[in-house]
Each structure stands twice: as structure tokens, then as C-alpha cells.
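The lines below spell out each chain.
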Amino acid sequence: MKRNAGAMAGNSITEGSIWKSLLAFFFPIMLGTVLQQLYNTVDAMIVGQVVGKQGLAAVGGTTGALINLMVGFFVGLASGAAVIISQYWGAKEHQRVEEAVHTSMALALVGSVVLMVFGILSAPTLLKWMNTPDDVMGMAELYMRIYMCGMIPSMVYNIGAGILRAVGDSKRPLYFLLAACAVNVALDIVLVVWLKLGVAGAALATILSQLASAVLVVISLVRTKESYHLEFRKIGFQKHVLRQVIRIGLPAGAQSVMYSLSNAVIQASVNSFGTDILAAWTAFGKLDGIFWAMVNAFGVAITTFVGQNYGAGKIDRMRKGINACLLLTAGATVVFSAALYFFAAPLYQLFSNDSAVVEQGVYIMHLLAPTFITYIFIEVYSGALRGAGDAVMPTLMTLLGVCVLRVIWVMGITPMHNDVGFMLLSYPITWTVTSLAFLVYYHKGTWLKKRMAARADL
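Fair warning: this is a prediction, and the values are worked out from it, not measured in the lab.

*Asks:* How should the overall build of the chain be read in this particular structure?
*Replies:* Helices and strands together make up the secondary structure of the chain, namely 19 helices and zero strands. When its C-alpha atoms are laid out on the principal axes, the chain stretches across 60 × 45 × 35 Å. The burial tally for the chain puts 58% of its 458 residues in the buried class. Considering only residue pairs separated by 6 or more positions, the chain has 84% of its internal contacts joining residues 24 or more positions apart.

*Asks:* How should the packing of aromatic side chains be read in this particular structure?
*Replies:* Aromatic rings considered in pairs are described by the distance between their centres and by the relative angle of their planes. One pass over the structure, following the stated rule, counts 20 aromatic pairs. Measuring from centroid to centroid gives 5.2 Å for Tyr341 and Phe342, while their planes differ by 80°, and the two rings are edge-to-face. Relative accessible area serves as the criterion here: at 63%, Phe342 is assigned to the exposed category. An angle of 65° between the planes, with centres 5.9 Å apart, marks the rings of Tyr375 and Trp431 as edge-to-face. Separated by 56 residues along the polypeptide, Tyr375 in the loop between helix 14 (355–368) and helix 15 (376–387) and Trp431 in helix 18 (residues 426–444) bring together distant segments of the chain. Under the relative-accessibility criterion, Trp431 is labelled buried at 3%. Three or more aromatic residues joined by ring pairs make a cluster, and in this case those are Trp281, Phe284, Phe291, Trp292, Phe336, Phe372, Tyr375, Tyr427 and Trp431.

*Asks:* Please clarify how the nonpolar core should be interpreted in this entry.
*Replies:* Soluble, globular proteins show a tendency: their nonpolar side chains are buried together. Ranked by size, the top nonpolar core spans 149 residues in total, and within it Tyr228, Trp281, Ile322 and Leu424 carry the most contacts. With 19 residues, the single largest contributor to this core is helix 11 (residues 275–311). In this structure, Leu424 is in contact with Ile266, Trp281, Ile364, Leu367 and Leu368, ignoring residues within four places of it in sequence.

*Asks:* What exactly am I supposed to notice about the packing of helix 15 against helix 18 here?
*Replies:* A pair of packed helices is characterised by two quantities: the angle between their axes and the separation of those axes. Taken N-terminus to C-terminus, the directions of helix 15 and helix 18 make an angle of 40°; their axes are 9 Å apart at the nearest point. One element, helix 15, and the other, helix 18, form an angle in the oblique class. Note on packing geometry: the crossing formed by helix 15 with helix 18 is left-handed. Note on element contacts: helix 18 touches helix 15 through Trp431, Thr434, Ser435, Phe438, Leu439, Tyr441, Tyr442 and His443, opposite Phe377, Ile378, Tyr381, Ser382 and Leu385. The residue makeup of the contact of helix 15 with helix 18, split by class, is nine nonpolar, four polar and no charged.

What counts as what
Residues numbered from 1 in each chain as written. Predicted model: local features only at pLDDT ≥ 70, side-chain atom pairs only at ≥ 80, totals over all residues. Heavy atoms only, no water. Helix = DSSP H or I, 4+ residues; strand = E, 2+ residues; numbered from the N terminus. Buried < 20%, exposed > 50% of the residue type's maximum accessible area, 1.4 Å probe, protein only. Contact = heavy atoms within 4.5 Å. Phe/Tyr/Trp six-rings, centres within 6.5 Å; stacked < 30°, edge-to-face > 60°. Core = buried A, V, L, I, M, F, W, Y, C linked by side-chain atoms within 4.5 Å. Axes fitted to C-alpha atoms, helices over the stretch in contact; angles between N-to-C directions. Parallel < 35°, antiparallel > 145°, perpendicular 65-115°, else oblique. Left-handed = near helix turned anticlockwise from the far one by under 90°. Nonpolar A, V, L, I, M, F, W, Y, C, P; charged D, E, K, R; others polar.

Here you go:
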């Protein structure tokens, strides 16, 4: 077995200071996810300034909602592999780590091909279903079709980075994204500003930068001597590992789809209010996307932390880590929300000089930024529960509390008011309801008793 015994002698996630372990693991993930968010944010800024508000609406808003809807399921499904790898790594089951690595990479390749073909063929139909304005439709269709051609490197990077993080390495994915972000910005300037390729140039810049990050992560997995070493000839599905991956990953994938589907319903409603509000909502999605990158990094950190400590049998450390992560997430959320609220106008001006777009954007930001704190329990507790292998109940609570309630609000209540602000209240209302459900479920403790009984199966 290819393994560095010295490297395994000390694992900072299962030993030492909990706060230091979480922060040391969290910061590279946060910076990496923020950089990944910057792919599309830079596209939106440059396209918004060079092409105009129609271009801004095309590279974000509608296309973003549809891409997240399609990609989210496979990314969520593959997250099951990361949980399994972190548990095996914590339990030092290195043969199983190797099997899970090659199964997850096979999942990435198959899933990305399916996504690419479906996205290219269905783009016009899906964009029409989303009520995309006529003056945006052509550019949105072009951007989406080119973007979907990059699904293979995108999925390979995400799976590869998930493998590295599962074994406690959150730094190399950050370095790879730094390189990819630099490629993306340089290509945006060349293709959009200099060559005037518009939204097509923005899409090309994104998929080429994703290719760069995918190549780097594959090289790192091929070169390592640890048990997560990647050999191309071994890529394939191991049935017993795949069952475990599906058990945890399928609910996570379904949860991602439900989030994205409810957001797509909101996006379709936003589109009906016209191009100004659509452009403002697109820019908001790029700005608050940095918040979601941050809170998602806490979710990934606690999932890996819980997975490894659960695998190592350190349940008390696992629970203390969850509490520490919740406090860290709350503090970071308060600071970031305040920054978005008070600097809303100058931030929007980075995307558009259109006064109507900026005015609508500031209104949306002032309405939603103060409510971000109501979401954090969902992210931290669902990540912790998945890390311990409890994936079904978080999905059910999200389905009912966020998705179903949000769709009822948007489709059943909002039409009686026909106001974009009233519609957007669906976000804090559903976050609050679902957070309360997670608080009750987590502190009741039944889930932990069940997972402790199942731990012998690792």
C-alpha cells in the first residue's frame, strides 16, 4: 500500500486545538471557494462594463440558476465520496481510501459527460422556461452552451479538490485556484476587452481556467505516494464503495437540486420584472456569492472535521468542533453582512454604471444582507450531520423548510402583491424556519445514537 507512515503520525484534524484545526483547514477552503466564485464575478464585471446590462444579465442570473441546477446534483452526489474518504482516512482504512478515490473520479467523468450533452442540447428550452427577456436570450444561450463544454474539467477539479480536502489538505486546492483565477482574469481581458468576443469570450475564459485547475489537481493526485494516489487504469466503480457514496451523496445531491430548483423559480419570477431588475439581481448574486463561498467553506470544514473524528471514534471532540464552527460562522457572517450593507452602492458600480440597475441593487442588498445570519445553522448542522453519515434527515428538512415553503411563497403568495421585495422575503423566512428545525433535530441527539450504532460498519 502506498502510504507515508510519517505523514500519518500526526493528524491535525483529529488531534490538538480544535479552534486551530478548524481555522487552519477553513481559511484555504474559504479563499479557494471565493476564488472559484471570482471566475463568474470577474466575467460579470468585465461583461457588464464592456457589453452592457444585457450582457451582465446573460452571464449571471438566468444561466447561473440553470447551471447550478444541473451541476448541483452531481457535485452533491460526489460529496458523498468525500465524506466516505474522510471517514476511511480517519479510521486509517487505506485500501478503502484508494477504492473510494477511483470510484469518485469515475463518477466525475460519467457525470460531467451527461451534464455537458444535456446542457448544450437543452439550453434554449430551459432559458425560455425561465422567462428570459428577449434582449438577453441570444447572449444567454450562447454563454450557456459554451460554458457547458467545460463540464469535464470542472467536475474533475471539484472531485479532485474534494479528495484532497477529505484527507486534510486544503492548501493545494487553494494554490490551484489561484493559478486558475489568474488565467481567467488574463483571458477575460484578452477575449472580452481586446478581441471584443463578448459573452462568448467570458465563457471561453472560464472553461480554460477550469481546465488549468483540473490539470493541476490531477497531477497532484497522480504524484502522491499516499493511499489517495490516482492511477488512471484503476478508475472505475467499486460496487461496495459506490453504495456508500450513493447513501450519503444522493441526499446531498437531491438537496442541492432542491435549493437550485427553488432558486430557479425565484429567478424566473425576477426575470418577469424586466432587464434592470434582472441585471441588479445578477450583480447581487455575484456579491452575495462571496458570502455563500465563505459559509460553504465552513460547511466543508465541519464535514471533514466531523468525518475524520467520527471515523477515529473521537465523538466528544467532534461535538466541540461543531459548536466552535457555529461560533466562527456567526462572527464571520455578521462582519460580512455589515460590509455588504454599508458598501452596497460602490460595489454595484463595479458591475454597471446604469443608475436604475444600481438603485434596484442597493434596495435588494439592504433587504437581504441583514438576514444572512438566519441561514448559518442550516449550513453548519447539515455539514456536521453528513460528516457523521446522517444524510437523509438534513435533506428532508431542507426540502420542506426551504424548497417547498419557498415555492409556495413565490408562486402562491407573491402574485397577490407583484413586488420584487415581497418575493425576496422568501429567503429569510425559509432560512429561519429550516434553521429552527435543524436546531431541534441536532440537540435532540437521536441522530448521534443511531450513527454510533452504525459506526462499527466502517
